[in-house]
Amino acid sequence: MEIMQVIGSLVCTHRVAGLGHMHLRVLRSNKGKLSVAVDPVGASAGNWVFTASGSAARFACPDPNTYTDLTIGVIIDFWAPEG
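Because the structure is a prediction, the values reported are computed rather than measured.

Rules behind the numbers
- Residues numbered from 1 in each chain as written.
- Predicted model: local features only at pLDDT ≥ 70, side-chain atom pairs only at ≥ 80, totals over all residues.
- Heavy atoms only, no water.
- Core = buried A, V, L, I, M, F, W, Y, C linked by side-chain atoms within 4.5 Å.
- Buried < 20%, exposed > 50% of the residue type's maximum accessible area, 1.4 Å probe, protein only.
- Helix = DSSP H or I, 4+ residues; strand = E, 2+ residues; numbered from the N terminus.
- Contact = heavy atoms within 4.5 Å.
- Pairing = 2+ DSSP bridges.

**So, the nonpolar core**
Soluble globular proteins tend to bury their nonpolar side chains together.
Right, on to step 1. Judged by nonpolar contacts, Met-4, Val-6, Leu-27, Ala-37, Ala-43, Val-49, Leu-70 and Ile-72 together constitute the single largest core of eight residues.
Right, on to step 2. Listing elements by their share of this core, those giving two or more residues are strand S1 (2–10) and strand S5 (70–76).
Right, on to step 3. Sequence-distant contacts of Val-6, defined by excluding residues within four places in its chain, comprise Arg-25, Val-26, Leu-27, Ala-43, Ser-44, Ala-45, Gly-46, Asn-47, Val-49 and Ile-72.
Right, on to step 4. Ranked by size, the runner-up nonpolar core spans five residues in total, among them Met-22, Leu-24, Val-38 and Cys-61.

**Concerning the pairing of S1**
Right, on to step 1. The sheet contact formed by S1 and strand S4 (residues 48–53) spans four bridges and is antiparallel. Each residue of the ladder has a partner; that of Ile-3, found in S4, is Phe-50.
Right, on to step 2. Where S1 meets strand S2 (residues 23–28), five bridges bridge the pair, whose relative direction is antiparallel. Its bridge partner being in S2, Gln-5 is matched across the sheet by Arg-28.

And the structure:
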């Protein structure tokens, strides 16, 4: 798991069937790396989140057949990042 910050949404009109209507969020790591994650929990821009990656990301989705390598699993209520 990694803590990342949601910086925005990604809108895609054409998707593979396995993604369905899942929201996609653009995330930034503490080192500034940008990633895209499936969001089954409803995170908003500015939220800090825990992410699951790799094969565990599929099981963080309501449907484990979802095609993802990064999924938001938790919205953090309070966290003060260092640095």
